[in-house]
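# Reading the structure
Listed below, chain by chain, are the residues.
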Amino acid sequence: EGRLRGELGVFRAARRRRVPAPDTSEDREEDVSDDEQFVVYRWDGDGSGDAWTRVGRTRAPRVKHLPDEYRCPITLNAMVDPCLAPDGHSYERRAIERWFAAHGTSPLTNQRLESTEVVPNHALRKAIARFRD
């Protein structure tokens with residue numbers, strides 16, 4: 001499988017629960033996943049078979065949802081160096097510079113722009129930094 005000895009794997013913890021089976025009087029077992037609980041395993045195999053060893057449990061990290069206005073409209077990733085373009089929108093500097101090198105239009109409106117000069121958006125950069133902290 002291409003696994004390296006000592007490699008860690010994280011899997012969603014599952015519990016078994018007895019539930020009534022439809023259209024019968026008998027119960028059946030089904031897996032119920034716990035979205036916040038994960039089990040950590042270490043691969044100790046040598047290729048001759050499965051050899052996962054349970055080494056612990058962990059919880060899913062609490063992640064704040066990144067507001068859309070902090071994402072570059074071109075890459076959809078969080079902006080690190082946001083710049084204001086002549087169309088009035090902010091973009092990640094590298095993404096908008098690559099766009100302008102290939103196009104002379106706004107990525108959002110597709111309108112031709114007289115200038116492709118961008119200026120740093122310091123306020124947005126600070127807002128994103130505050131959000132991450």
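Below: a short report on this structure. (Residues numbered from 1 in each chain as written. Predicted model: local features only at pLDDT ≥ 70, side-chain atom pairs only at ≥ 80, totals over all residues. Heavy atoms only, no water.)

## Some remarks on the pattern of salt bridges
In the structure shown here, the tally under the stated rule is three salt bridges. For D68, the salt bridge identified is with R71, shortest N-O distance 4.0 Å. Overall, D68 belongs to the exposed group, its relative accessible area being 58%. With a shortest N-O distance of 3.5 Å, E97 and R93 are connected by a salt bridge. Note that E97 and R93 are positioned in helix α1 (residues 93–102) at a spacing of four residues, about one turn of the helix. The class for E97 is partly exposed, based on a relative accessible area of 42%. Relative accessible area serves as the criterion here: at 22%, R93 is assigned to the partly exposed category. Through salt bridges that share partners, D81, R93 and E97 make up one connected network. (Salt bridge = Lys/Arg side-chain N within 4 Å of Asp/Glu carboxyl O. Buried < 20%, exposed > 50% of the residue type's maximum accessible area, 1.4 Å probe, protein only. Helix = DSSP H or I, 4+ residues; strand = E, 2+ residues; numbered from the N terminus.)

## Notes on the nonpolar core
By size, the foremost hydrophobic cluster in this structure holds 16 residues, and its most contacted members are Y70, A85, I96, F100 and V118. Counting residues per element, the ones that place at least two in this core are α1 and α2 (122–132). Looking at this core, the element that brings in the most residues is α2, giving four residues. Aside from chain neighbours lying at most four places away, what touches I96 is I74, A85, Y91, P107 and V118. (Core = buried A, V, L, I, M, F, W, Y, C linked by side-chain atoms within 4.5 Å. Contact = heavy atoms within 4.5 Å.)

## Observations concerning unusual backbone geometry
Backbone geometry places L76, a non-glycine residue, at a positive phi of 65°. Structurally, L76 can be placed in the loop between β3 (52–59) and β4 (82–84). L76 sits in the exposed class, given a relative accessible area of 53%. Even without glycine at this site, N110 takes up a positive phi of about 65°. With respect to the helices, strands and loops of the structure, N110 is situated in the loop between α1 and β6 (119–120).

## A word on α1
Considered for burial, the residues of α1 that qualify are A95, I96 and F100. Taken down its axis, α1 places every buried residue within 130° of arc, on the same side. Exposed positions of α1 whose direction lies more than 90 degrees from the buried face are R94, R98, A101 and A102. Buried residues in α1 make contact with β5 (90–92). (Arc of directions from axis to C-beta.)

## Details of the environment of V119
Tracing the backbone shows V119 in strand β6. On the accessibility criterion, V119 (40% relative accessible area) is partly exposed. Residues V119 and P82 lie 37 residues apart in sequence; the distance between their C-alpha atoms is 8.7 Å. Those residues within four positions of V119 in sequence are excluded, and the remaining contacts are C83 and L84.

## Focus on the sheet that holds β4
Strands sit in the order β5-β4-β6 across an open sheet of three strands; the sheet is antiparallel. Each having just a single partner strand, β5 and β6 make up the two edges of the open sheet. In terms of strand pairing, β4 meets β6 through two bridges, oriented antiparallel. Counterpart to C83 in the pairing with β6 is P120. α1 contacts β4, β5 and β6 of the sheet and is inclined by roughly 95° relative to β5. (Pairing = 2+ DSSP bridges. Axes fitted to C-alpha atoms, helices over the stretch in contact; angles between N-to-C directions.)

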